[in-house]
Amino acid sequence: MVLELSGAVILAAGKGKRMKTETPKVLNRICGKYMVDHVLEAVSRLTSHIVLVIGYKSDTVKNELGDNFKYAYQLEQKGTGHAVLQALPHLPSSGMVLITCGDTPLLSAASLETLIKESRKGDAGLLTAEVPNPGGYGRVIRGENKQITAIVEEAQADNEVKKIREINTGTYCINVELLKKLLPQITPDQETGEYYLTDIVHLMVEQGYYIVPCRLDDYRESLGVNNLKQLAEVENIMRKNMLSQLMLSGVKVLDPDSTYIDAGVSVGSGTVIYPNTVIEGASSLGENCNIGPSVHLKEVKAGPGVEIRFTVAEETEIGEKSVIGPFVYLRPGTRLGTGVKIGDFVEVKNSNLENYTKVPHLSYVGDADIGEGVNFGAGSIVVNYDGRKKHRTTVQEGAFIGCNSNLIAPLVIGRGAYVAAGSTLNQDVPENALAIARSPQETKPGLAKRFIKK
Ligand code: UD1
Ligand code: MG
């Protein structure tokens, strides 16, 4: 926590017209989290007094982000200067405040901290960046001794100004009292009618205040999201950064270009991620797992030593050393114990499978509780749905389910029972019993010739 910072304002009221979608801009997801959540995470490291300015679909934004922050409402989006004005009543009465935008999610806490420290050398600090493509950003105008004299927005820039590659990141650190004095002096832009926060810069210069420039070491942190193309670019950078961190922590990622892992997913060291892997939500993988190729996991918790190939899994827990795939679909509510084997071509839904149970080929297991060491033969199916209701099936420890069996729920197969291949069962089978439910075979010698053309 940087003690000299007394609060922060995050601007998040805009619709994001250039996104061309109805979702409030800051609620677009980047690496699985809301865009503004990344900003909140960085800013929370520096102060706990955060004022979020919201406006467009403010109820939705507030519902999604929760009550950990103060909210200021900007009912009409009349520009960034007007937005900060709405935050003033919620800010502390003295000290330095940070102002930043909800659409620059790559800015790191470390860079913000540098800005805050640098700002102490003057009356305010401005975070700038030297970018290869400055189009669309406000340009930083420097005068004598390289001092900042103004910010000129793209729309107002002439050709000379457009050549400037130093841009305004939209992040400022300023004394609250000075902010309170200057904000009401901003006048609306003649063409757009908007109050630009950037005008505060030339107001400061006019009135003899000094703005400390603070340039980012890595310009990519400054990239703003104003359209879906920029969203993809920013997400790509963030994704690669996160993958680099995973690799440095001992996770082998064979093809970072085809690996998508959400922020907050934990992966144990020694784990190998093969190409075409997507891991989303609150997922975690233990140490020494082999994941992929072609795996999509969402809200999956897997223990150490798990192997998953060509699989889709959602809201599932997978015990240590289990082997999943190829071609498996694990649906919500699936819980697998240690050393379980699932697949190929198997679907499991809302079921518990205890340690060392095997469902190796072409099966469906739905709404079932399967004990330890059970073997499901190829093609065996749990018939959980009667057209109106779902029913549960229990298969106790050590039972053997022969190939191509249908277990019609509700049903209990007792411990150590044996279901003969091809049986369709709708009555419980007691412990250690043999159940056989199929029509007896008839064999007619020599009759094949009636059907086989020679
Ligand atoms: C702004 C800056 C520009 C800077 C760029 C950095 C201004 C006038 N321009 O431009 O100098 O280079 O950010 O990314 O400040 N917002 C509100 N209320 C409003 C308008 C905007 O809360 O009435 C919020 C938006 O939700 C957004 C942020 O302020 O999170 C920035 O607004 P945006 O429209 O994206 O400004 P830029 O054109 O990117
Ligand atoms: Mg922007």
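Residues numbered from 1 in each chain as written. Chains lettered and ligands numbered in written order. Predicted model: local features only at pLDDT ≥ 70, side-chain atom pairs only at ≥ 80, totals over all residues. Heavy atoms only, no water.

**What about the environment of V131?**
By secondary structure assignment, the location of V131 is in the loop between β7 (124-130) and β8 (139-142). The sequence separation of V131 and R220 amounts to 89 residues, and the corresponding C-alpha distance is 7.8 Å. Excluding residues that lie within four positions of it along the chain, V131 makes contacts with R165, I167, Y219 and S222. (Helix = DSSP H or I, 4+ residues; strand = E, 2+ residues; numbered from the N terminus. Contact = heavy atoms within 4.5 Å.)

**Quick word on the site of ligand 1**
The full set close to ligand 1 counts 24 residues, and Q74, G79, T80, E153 and N168 are the nearest of them. Interatomic distance of 2.9 Å between a backbone N/O atom of G14 and an oxygen atom of ligand 1. Between ligand 1 and T80 there is a distance of 2.7 Å, counted from an oxygen atom to a side-chain nitrogen or oxygen. In isolation ligand 1 exposes 760 Å². Once the protein is present, 91% of that is buried. Cavity membership is defined here by more than half of the atoms lying within 2 Å of grid points; on that basis ligand 1 lies in the largest pocket. Elements that contribute at least two residues to the shell around ligand 1 include exactly β1 (5-12), α3 (80-87) and β10 (166-175). Across the shell around ligand 1, the residue classes tally to seven nonpolar, twelve polar and five charged. (Near = heavy atom within 4 Å. Polar contact = N/O pair within 3.5 Å; in protein donor to acceptor, adjacent residues only side chain to side chain. Areas by Shrake-Rupley, 256 points an atom, 1.4 Å probe, with all protein chains shown as cover. 1 Å grid on protein atoms, 1.4 Å probe; cavity = no way out; pocket = protein on both sides within 12 Å on 5 of 7 lines; lining within 4 Å. Sits in = over half its atoms within 2 Å of the grid points. Nonpolar A, V, L, I, M, F, W, Y, C, P; charged D, E, K, R; others polar.)

**Re the side chain of R139**
Looking at where R139 falls in the secondary structure, it is placed in strand β8. Among the residues examined, R139 registers a relative accessible area of 2% and is labelled buried. Side chain to side chain, R139 and E154 meet in a polar contact 2.7 Å long. A distance of 3.0 Å separates a polar atom in the side chain of R139 from the backbone oxygen of K162. (Buried < 20%, exposed > 50% of the residue type's maximum accessible area, 1.4 Å probe, protein only.)

**Some thoughts on the layout of surface pockets**
Within this model, the largest pocket holds a volume of roughly 1,200 Å³. Residue lining of the largest pocket: 40 residues in total, with R18, K25, T80, D103 and N226 positioned closest to the centre. Sorting the residues of the lining of the largest pocket by element identifies β1, α3 and β10 as the ones contributing at least two each. Ranked by the residues each element gives to the lining of the largest pocket, the list is headed by β10, at four residues. Of the residues that constitute the lining of the largest pocket, the class distribution is eleven nonpolar, 21 polar and eight charged. The volume enclosed by the second largest pocket comes to roughly 660 Å³. Lining of the second largest pocket is provided by 25 residues; of these, E41, M238, N241, M242 and Q245 occupy positions nearest its centre. Sorting the residues of the lining of the second largest pocket by element identifies α1 (35-44) and α8 (228-248) as the ones contributing at least two each. With seven residues, the top contributor of residues to the lining of the second largest pocket is α8. (Points joined across faces, edges and corners; volume = space filled by probe spheres on them.)

**Let's talk about the coordination of the magnesium ion (ligand 2)**
Bound to the magnesium ion (ligand 2) are the protein donor atoms D103 (OD) and N226 (OD1), situated 2.1 to 2.3 Å from the metal. Separated by 123 residues along the polypeptide, D103 in the loop between β6 (96-101) and α4 (109-119) and N226 in the loop between β11 (211-215) and α8 bring together distant segments of the chain. Residue class for D103 comes out buried when judged on its relative accessible area of 13%. (Donors = N, O, S within 2.8 Å, 3.2 Å for Na, K, Ca; no water.)

**Considerations on the domain arrangement of the chain**
If you check the domain split of the chain, you get domain 1 (7-222) and domain 2 (250-435). Spacing between the C-alpha centres of domain 1 and domain 2 amounts to 49 Å. (Domains from an automatic or database assignment.)

**Some thoughts on unusual backbone geometry**
Residue P293 is reached from G292 by a cis peptide bond, and omega for that bond is 5 degrees. Here the phi dihedral of K20 falls at roughly 60 degrees; this positive angle occurs in a residue that is not glycine. Structurally, the position occupied by K20 is in the loop between β1 and β2 (29-30). Even without being glycine, F345 reaches a positive phi, approximately 55 degrees. Structurally, F345 can be placed in the loop between β25 (341-342) and β26 (346-349). Taking relative accessible area as the criterion, F345 reaches 48% and is therefore assigned partly exposed.

**Comments concerning the pattern of salt bridges**
Opposite charge on two side chains allows them to pair when their charged atoms are near. What the rule picks out here adds up to 22 salt bridges. Between E118 and K121 there is a salt bridge; the shortest N-O distance is 3.0 Å. Here E160 makes a salt bridge to K163, at a shortest N to O gap of 2.9 Å. What makes K163 exposed here is its relative accessible area of 59%. One salt-bridge network, held together by shared partners, links E130, R142, R165, E166 and R215. (Salt bridge = Lys/Arg side-chain N within 4 Å of Asp/Glu carboxyl O.)

**Looking at the pairing of β10**
With respect to burial, β10 is a largely interior element, nine of its ten residues being buried. Note that β6 and β10 share four bridges and pair antiparallel. Looking at the pairing, M96 lines up with N175 of β10. One ladder, built from seven bridges, connects β7 with β10; its direction is antiparallel. Each residue of the ladder has a partner; that of A124, found in β10, is I174. (Pairing = 2+ DSSP bridges.)

**Considerations on the packing of aromatic side chains**
Applying the stated criterion across every chain, the model contains three aromatic pairs. Look at F400 and Y418: their rings are 4.8 Å apart centre to centre, the planes differ by 10 degrees, and that puts the pair in the stacked class. Residue F400 is found in strand β34 (residues 400-401), and its partner Y418 is found in strand β37 (residues 418-419); the two are separated by 18 residues along the sequence. Assessed through its relative accessible area of 32%, F400 is described here as partly exposed. Take Y418: its relative accessible area is 40%, and that puts it in the partly exposed class. Through pairs of rings, three or more aromatic residues link up here, namely F310, F327 and F345. Taking NZ or CZ as reference, R29 lies 4.4 Å from the ring centre of Y34, over its face. (Phe/Tyr/Trp six-rings, centres within 6.5 Å; stacked < 30°, edge-to-face > 60°. Lys NZ or Arg CZ within 6 Å of the ring centre and 35° of its normal.)

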